[in-house]
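Architecture at a glance
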Amino acid sequence: MAEMSAPKGVRDILPEESWKWAYVFRVVQETARHFGYSEVHLPIFEHTELFSRGIGDTTDVVEKEMYTFLDKGDRSITLRPEATASMVRAYLEHRMGTMSQPVKMWCAGPMFRYERPQKGRYRQFWQVDFESIGASSPYADVEIIAISLELFRRLGLRRLEVVINSVGCPECRPSYRKRLTDYFESRKDHLCETCLGRLERNPLRILDCKRDGCKAVTEDAPDVYDSLCGECREHFDVVKDSLDALGASYRLDKRLVRGLDYYTKTAYEILSGELGSQNAVCGGGRYDNLAEAIGGSHVPGVGFAAGVDRIVMVMEQQECSFGSAPSVEVFAVALDDISRRNVLQLVDMLRRNGIVAEMDLAGKSMKAQMKAASSRGAQFACILGESERAGGTVMVKDLATAEQQEISLPLLVAELKNKLTSTRKG
RNA sequence: GUGAGCGUAGUUCAAUCGGUUAGAGCACUGGACUGUGGCUCCAGAUGUUGGGGGUUCGAGUCCCCUCGCUCACCCCA
């Protein structure tokens, strides 16, 4: 039944998984607070132009991966493929340049890219995005990298690889680009077809081609580091020194590129070996020319985005803790129809007192209610029948030990809380 | 956009060389046990074999198309 299934490349996060996601978001939120980043909620769609100018109209993302449509007012609208452009747009639109700089914000939400789905890649996927806008100092870059490291440390991710590079700035990149183009031009016949295309549009991209032939050619390609201008070199040195000071290990990789003019200086990614071929769990860098590209004044910025789907995937693979799973503390059981009314009141009273309580909603027999109580994972069953009604009591059964105890109604909450504290967390 | 593998019940899988009415475990519902879950036993419900077309006396099985899933290329978080 095609009409009964979700569109290709999207997925439902169901109860068995959603509590794990909630845990990840809680950790993100807390980490953001400790680093002084404020949460913002930005729109899921924007003017198409924001992305074609902000991301670059020669990128694959903009050329063929965007969900773009005309709305009823004939405006070209695009479901956001990433969050950075919106962040900078919001910064400019709300004149955040008048605030104390940098402005540090984060957001979380779904992103959309029309791509062929595969492991760790969906058409709707979730990212958490941190941006530090308005400071050009390398310490802003370092803080961004540090947040992502601390976030993953708190989540318990292991065996991550941090890869960093500097892609230069509008001062030094053109000359590097020229040297690179000249170099590849002379070895054209060794390049694959896609790289021949890249040669004209974006020669930096050839550096991370995975084909053996191209890889071999890139071995002797001009080094980015030799081409960095003084400012970029100094910036990069401070970033590296600071990471050393923080005890963070990283690998330099001159193949890591962001070929567009708005991306400047620091570029980094954090990779995990548990993800298959979509191995980046986080990626980011500096974009000092993005604000201008989307029509604003010159505002430097740096940030990262981390993929929530992939984070959860790695955490599951590495059996990381997601805190405690939601659990039912009390399941109230009615022995007859008259007791159902009392059970309803009982459950209501327990909930008001902060106890996780449930009851049968399907009109089941007592036996089936008991079964439901244990399949829901309840710790206690509170049984209510004719004799309990008469005595103003409730029969409390510990479902793990099968011990039973009749407790009078006024004492019930205190008794239950007492029994629960031994197993309760947080 | 390109390539490969796979689609049978909610789920995991079975069904001989193409042969009758497509089965089983788990899960679900009910009962044995009329006020006590887990264990056991019994019973029940659930399928357009992803969809369409073709070959054949006969198709879950073979062929074509299509859709979907998975992985990889590509790209990225």
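The shown structure was predicted, so the numbers you read here are calculated from the model rather than taken from an experiment.

Rules used throughout
Residue indices begin from 1 for each chain and proceed along its sequence in written order. Starting at A for chains and at 1 for ligands, labels are handed out in the order in which the entities are written. Given that this is a predicted model, residues contribute local features only at a pLDDT of at least 70 and side-chain atom pairs are listed and counted only at 80 or more, while totals for whole chains, interfaces and linings are drawn from all residues. Here the side-chain values reflect all heavy atoms present in the structure, with hydrogen atoms and water set aside. Any residue with an atom within 4 Å of a point lines the site, the site being either a cavity, points on a 1 Å grid over the protein atoms alone where a 1.4 Å probe fits but cannot get out, or a pocket, an open set with protein on both sides within 12 Å along at least 5 of 7 lines. Grid points are joined across faces, edges and corners, and a volume is the space filled by probe spheres set on the points. Three classes are used, and their members are as follows: Ala, Val, Leu, Ile, Met, Phe, Trp, Tyr, Cys and Pro are nonpolar, Asp, Glu, Lys and Arg are charged, and the others, Gly among them, are polar. If even one non-hydrogen atom of a residue comes within 4 Å of a molecule or strand, that residue is called near it. N or O atoms closer than or at 3.5 Å make up a polar contact, with two conditions inside protein: a donor-capable atom paired with an acceptor-capable one, and, for residues adjacent in sequence, both atoms drawn from side chains. Per the convention used, a helix needs a DSSP run of H or I reaching at least four residues, while a strand needs a run of E reaching at least two, with both numbered from the N terminus. In this scheme, strands are said to pair when DSSP sees at least two bridges between them. A fitted line through C-alpha atoms serves as each axis, taken over the contacting stretch for helices, and the angle formed by two N-to-C directions is quoted from 0 to 180°.

With that out of the way, let us pick up empty space enclosed by the protein. Over the atoms, a rolled probe matching the size of one water molecule traces out where space is still vacant. Tallying each qualifying case throughout the model produces one cavity of 30 Å³ or more. Its volume calculated, the largest cavity comes out at about 50 Å³. What lines the largest cavity is simply N165, S166, V167, Y176, L204, L207, V224, K254 and V257. Partitioned by chemical class, the residues of the lining of the largest cavity number six nonpolar, two polar and one charged.

If you check the shell around RNA strand B, you find 46 residues, and the closest are R113, R116, R198, L399 and Q404. In RNA strand B, atoms within 4 Å of the protein come 47% from sugar and phosphate. Residue R121 places a side-chain N or O atom 2.7 Å away from a base nitrogen belonging to RNA strand B. At a separation of 3.0 Å, a base nitrogen of RNA strand B approaches a polar side-chain atom of K397. Only β6 (124-133), β10 (280-286), β11 (301-307), α14 (366-375), α15 (386-391) and β15 (393-398) provide two or more residues apiece to the surface near RNA strand B. Considering every element that reaches the surface near RNA strand B, the biggest residue donor is α14, with six residues. A per-class count over the surface near RNA strand B returns 14 nonpolar, 14 polar and 18 charged.

Right, let's talk about the sheet that holds strand β14 (residues 380-384) for a bit. Across the sheet, which stays open at both edges, the five strands sit in the order β13-β12-β14-β15-β16 with mixed pairing between neighbours. Either end of the sheet is taken by a strand with one partner, and the two such strands are β13 (357-359) and β16 (404-408). Put simply, the sheet's adjacent strands are angled 30 degrees from each other on average, direction ignored. Pairing of β14 with β15, which is carried by four bridges, proceeds in the antiparallel orientation.

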